[in-house]
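Residue strings, one per chain:
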Amino acid sequence: MSAILSVRRLPNSTLFAITAFFLLSLYLLSTRREGVSYFEARRHRSPRPDIIDDINNSTLGFEKIFVVGLPSRTDRRDGMVLQAALSNIEIEFIDGVLGKDVPDKALPSTQELKRLEDPVVGAWRGHMNAIQEVVRRNLSSALIMEDDADWDVRIRDQLQDYALSARALTQPLASSSNSSPIYADATYPRASNGPSSIPDILFTNLPTTVPPATSPYGDVWDLFWLGHCGMHFPFPYGPALPKGRVVHLNDSTAPQKKHLWTISSPHDLKEQYPEHTRVVHHVQDACCSLAYAVTQTGARRVLREVGLKDMNEPFDLQLKSFCEGSGKPVRGPHNCLTVQPPLFNLHFSAGSKGSSSDISDHGEGFQHEWTSMTRYSVRLNADALMDGRTDELVDQLPDGE
């Protein structure tokens, strides 16, 4: 009772201040976001609702995230589960397959074909199982990664930039009509109708396009190749691929050129652009299927073209043919976009070099832990992230070193 009387004796101004503080506290608690600040988008929220904000969810704007890998590689699963948890990402494993368990009769062929090596057959079947699952569940989209992928702690920021770039290349200009859509890329969607090259689209000056309704990344795409070992810009001549590029200069998440590598030669990005540049474009001459995303339509097409036609190449080369329409049998072209440098990169755990791959020989001896072309690797910053020391994250590829 005395406490109540004491409150009643307080001045009105003091009571007002206490009440305001109490209400403000309730508001802040009700709007507090889960997770740590370094994973939140760096941009201010637009007053107009935009589904690009879906990229901040636990599946990065896709309906599901699948990780393909052999169940026996428990070391990789442990690492992937940890880095996903540290990134507020939800993943689901798709069991990889041993090639010896895939009978000859399960390998599509319209002619006499020499069976590929078992590790290659197993990798193909593991990826096809993931694609099959996307179709079976009727998922609107899915990101599919291999179990040795790593990413930057700023992956959501990077994917938002990628989404805006992909929209610029594939969404109609807002000024065009529904009956006669016009695109910023004059060679899209049919490159045969346009010039052999077009001016770059700068990320800082993106065109105003029709907002997508189905995906933060755009309404019409089959596949995004987000993790690879090499890529070319679309060739001026040859397969009729759209030639548009969105160029992000001074991207602080892109490493210096000396840290970039590729299986493809020449290295187009290093030769044509300055330091710290990232470019989004259509897929050309890709290799390694470290990470890619598919829509439901795209997954059905991959299942048809790669799962049910001649199994005469490794999965990544079949996927390349699917995107650009090269090779035999003809599997494409389809609407596939990519990014250089890639957003998902290979992680090499400390230990035997032989453990780096279940498909190819990586030599003898031991290696230190590292991740290619990723500045603030989640895997390599795991200790700091677990301790909440987000101000002590380490750039593995600092400038000048």
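As a reminder, the structure under discussion sits directly above these lines.
Quick caveat, the model's predicted, so the values are computed rather than measured.

*Asks:* What am I meant to see in the environment of proline 266 here?
*Replies:* Tracing the chain through its elements places proline 266 in the loop between strand S7 (245-248) and helix H6 (268-272). Each C-alpha atom of the pair proline 266 and methionine 231 lies 9.7 Å from the other, and the pair is 35 residues apart in sequence. Filtering out sequence-adjacent residues up to four positions away, proline 266 remains in contact with His232 and Glu271.

*Asks:* Honestly, the nonpolar core in this entry has me stumped. Any pointers?
*Replies:* Counting 47 residues, the largest nonpolar core has Leu143, Met145, Tyr162, Tyr217, Phe224, Leu226 and Phe344 as the members making the most contacts within it. It is helix H5 (residues 155-170) that contributes the most residues to this core, seven residues altogether. Residues within four places of leucine 226 in sequence aside, it is in contact with Phe62, Leu143, Leu159, Tyr162, Ala291, Tyr292, Val339, Pro342, Leu343 and Phe344. Core analysis: the second largest hydrophobic core is formed by 30 residues, Ala130, Val283, Val302 and Met311 among them.

*Asks:* Would you take a moment to explain empty space enclosed by the protein for this structure?
*Replies:* Over the atoms rolls a probe the size of a water molecule, and in doing so it shows where empty space is left. What the rule picks out here adds up to four cavities of 30 Å³ or more. Empty space within the largest cavity amounts to approximately 90 Å³. Forming the boundary of the largest cavity are 13 residues, of which Asp161, Tyr162, His248, Arg278 and Val280 lie nearest the centre. Sorting the residues of the lining of the largest cavity by element identifies H5, S7 and strand S8 (278-282) as the ones contributing at least two each. Sort the elements by how many residues they give to the lining of the largest cavity and H5 lands first, with four residues. Considered class by class, the residues forming the lining of the largest cavity number seven nonpolar, three polar and three charged. Counted as a void, the second largest cavity has a volume near 70 Å³. As for the second largest cavity, its lining consists of His228, Gly230, Met231, Leu260, Trp261, Thr262, His267, Leu269, Gln340, Pro341, Pro342 and Met373. Here the residues of the lining of the second largest cavity sort into seven nonpolar, five polar and no charged.

*Asks:* Honestly, the sheet that holds strand S2 (residues 92-95) in this entry has me stumped. Any pointers?
*Replies:* To summarise the sheet geometry, strands pair through backbone hydrogen bonds and adopt either a parallel or an antiparallel arrangement. Sheet architecture is open: nine strands sit in the order S2-S1-S3-S9-S6-S10-S8-S7-S5, paired in mixed fashion. The two strands at the open ends of the sheet, each matched to only one other strand, are S2 and strand S5 (201-202). Relative to S7, S5 runs parallel, the two being bridged by two bridges. Pairing of leucine 202 across the sheet is with valine 247, part of S7. Across the sheet, helix H3 (residues 74-86) lies against strand S1 (64-69), S2 and strand S3 (141-146), angled at about 160° from S2, the strand it touches most.

*Asks:* What is the right way to read the state of the cysteines from this model?
*Replies:* Note on terminology: disulfide describes a covalent bond linking the sulfur atoms of two cysteines. The tally for this structure, following the rule as stated, stands at two disulfides. Disulfide pairing places cysteine 229 opposite cysteine 288 at an S-S distance of 2.0 Å. Here the disulfide of cysteine 229 and cysteine 288 is left-handed, its torsion about the S-S bond being about -100°. Of the two residues, cysteine 229 sits in the loop between strand S6 (223-227) and S7 while cysteine 288 sits in the loop between S8 and strand S9 (291-295), which places them 59 residues apart along the sequence. Judged by its relative accessible area of 22%, cysteine 288 falls in the partly exposed class. Linked covalently through their sulfurs, cysteine 323 and cysteine 336 form a disulfide whose S-S length is 2.4 Å. Given an S-S torsion of about -85°, the disulfide between cysteine 323 and cysteine 336 has left-handed geometry. Within this pair, whereas cysteine 323 is found in helix H8 (residues 315-324), its partner cysteine 336 is found in strand S10 (residues 336-340), the two being separated by 13 residues in sequence. Summarising the burial analysis for this pair, cysteine 323 and cysteine 336 share the class buried. By sequence order of its bonded cysteines, the protein chain has the disulfide arrangement 1-2, 3-4. Cysteine 288 supplies the cysteine sulfur nearest to cysteine 287, a cysteine that is in no disulfide, at a spacing of 4.6 Å.

*Asks:* Where do I start with the packing of aromatic side chains in this structure?
*Replies:* Any pair of aromatic rings gets described here by the distance separating the centres and the angle formed by the planes. Going through the model one piece at a time under the given rule, you end up with ten aromatic pairs. Judged by centre distance (6.3 Å) and plane angle (55°), the ring pair of tyrosine 162 and tyrosine 217 falls under tilted. Of this pair, tyrosine 162 sits in helix H5 while tyrosine 217 sits in the loop between S5 and S6, placing them 55 residues apart in sequence. The pair tyrosine 162 / tyrosine 217 is uniform in exposure class, with both members buried. Aromatic ring contacts, followed pair by pair, group Phe62, Tyr162, Tyr217, Trp221 and Phe224 into a single cluster. Between arginine 77 and the ring centre of phenylalanine 93, over which it is positioned, the NZ or CZ distance is 4.5 Å. Positioned above the aromatic ring of phenylalanine 233, the side-chain terminus of arginine 245 is 3.9 Å from the ring centre.

The rules we used
Residues numbered from 1 in each chain as written. Predicted model: local features only at pLDDT ≥ 70, side-chain atom pairs only at ≥ 80, totals over all residues. Heavy atoms only, no water. Helix = DSSP H or I, 4+ residues; strand = E, 2+ residues; numbered from the N terminus. Contact = heavy atoms within 4.5 Å. Core = buried A, V, L, I, M, F, W, Y, C linked by side-chain atoms within 4.5 Å. Buried < 20%, exposed > 50% of the residue type's maximum accessible area, 1.4 Å probe, protein only. 1 Å grid on protein atoms, 1.4 Å probe; cavity = no way out; pocket = protein on both sides within 12 Å on 5 of 7 lines; lining within 4 Å. Points joined across faces, edges and corners; volume = space filled by probe spheres on them. Nonpolar A, V, L, I, M, F, W, Y, C, P; charged D, E, K, R; others polar. Pairing = 2+ DSSP bridges. Axes fitted to C-alpha atoms, helices over the stretch in contact; angles between N-to-C directions. Disulfide = S-S within 2.5 Å. Phe/Tyr/Trp six-rings, centres within 6.5 Å; stacked < 30°, edge-to-face > 60°. Lys NZ or Arg CZ within 6 Å of the ring centre and 35° of its normal.

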